Amino acid sequence: MNYYGHFYLTHLLFSLLEKSSDARIINVSSDNHQFVPRYFLNDFNCEVKPFEYNKQLFISKFMLVVFAYKLNLILNQHAKTNVKVFSANPGTVMSDFGK
């Protein structure tokens, strides 16, 4: 679900963004996308391998990067739009969150 919310919000706001002279869509991801297990495309619903929170988090971060990349490619094919799409890694924060 982490990925679907970004996709749906972009869908809902896109007509407004297209009316702007310089709109940007920025998906905040993380560098955790690099830890996606290789088998995930064949087992997206965790039917073969058991659900593991961290792996699902990595997959959702990967999907945000792929979504931004693909949407930007599609929009660049349509020169009449000024919408640019990015995926950003906010970096690491040192905190006691999660302890």
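Please refer to the structure higher up on the page.
This structure is a prediction, so every number in the text was calculated from the model and none was measured.

What follows deals with the overall build of the chain. When helices and strands are counted, the chain shows two helices and two strands. In the chain, the succession of helices and strands from N to C terminus is α-β-α-β. Taking all 99 residues of the chain together, the buried fraction comes to 27%. In the chain, the proportion of contacts linking residues at least 24 apart, taken out of those at least 6 apart, comes to 67%. Here the chain has roughly 7,700 Å² of accessible surface; of this, 59% comes from carbon and sulfur atoms.

The next thing to look at is the nonpolar core. In terms of nonpolar packing, the biggest core is built from nine residues, these being Phe-14, Ala-23, Ile-25, Phe-67, Ala-68, Leu-71, Leu-75, Val-83 and Val-85. Beyond its immediate chain neighbours, meaning those up to four positions away, Ala-68 contacts Asn-27, Val-85, Phe-86 and Ser-87.

The next point concerns the pattern of salt bridges. By the definition in use, this model includes one salt bridge. A salt bridge links Asp-22 to Arg-24, with the shortest nitrogen-to-oxygen separation between them at 3.2 Å. The class for Arg-24 is partly exposed, based on a relative accessible area of 49%.

This part covers the environment of Phe-51. Tracing the chain through its elements places Phe-51 in the loop between strand E1 (24–28) and helix H2 (53–77). Look past the residues within four positions of Phe-51 in its chain and what remains in contact with it is Cys-46 and Gln-56.

Let's shift gears to the side chain of Thr-10. Secondary-structure assignment places Thr-10 in helix H1 (residues 2–19). Here His-6 takes part through its backbone oxygen, which lies 2.8 Å from a polar atom of the side chain of Thr-10. Every residue in contact with Thr-10, bar those within four places of it in the chain, is listed here: Ile-25, Phe-67 and Leu-71.

Moving on to a nonpolar patch on the surface. On the surface, a nonpolar cluster with roughly 510 Å² of combined accessible area is contributed by Tyr-8, Leu-9, Leu-12, Leu-13 and Leu-16. Along the chain, the position of Leu-16 falls in helix H1. You can call Leu-16 exposed: its relative accessible area is 55%.

Secondary-structure assignment places Thr-81 in the loop between H2 and strand E2 (84–88). Note on Thr-81: relative accessible area 9%, which makes it buried. At 3.3 Å, the side chain of Thr-81 forms a polar contact with the backbone nitrogen of Val-83.

On to the environment of Phe-7, then. Mapped onto the fold, Phe-7 is located in helix H1. The partly exposed category is assigned to Phe-7, whose relative accessible area is 42%. Residues Phe-7 and Asn-27 lie 20 residues apart in sequence; the distance between their C-alpha atoms is 9.5 Å.

Reading the values: the criteria
- Residues numbered from 1 in each chain as written.
- Predicted model: local features only at pLDDT ≥ 70, side-chain atom pairs only at ≥ 80, totals over all residues.
- Heavy atoms only, no water.
- Helix = DSSP H or I, 4+ residues; strand = E, 2+ residues; numbered from the N terminus.
- Buried < 20%, exposed > 50% of the residue type's maximum accessible area, 1.4 Å probe, protein only.
- Contact = heavy atoms within 4.5 Å.
- Areas by Shrake-Rupley, 256 points an atom, 1.4 Å probe, with all protein chains shown as cover.
- Core = buried A, V, L, I, M, F, W, Y, C linked by side-chain atoms within 4.5 Å.
- Salt bridge = Lys/Arg side-chain N within 4 Å of Asp/Glu carboxyl O.
- Polar contact = N/O pair within 3.5 Å; in protein donor to acceptor, adjacent residues only side chain to side chain.
- Patch = residues over 30% accessible without salt bridge, like charges linked within 9 Å, V, L, I, M, F, W, Y side chains within 5 Å.

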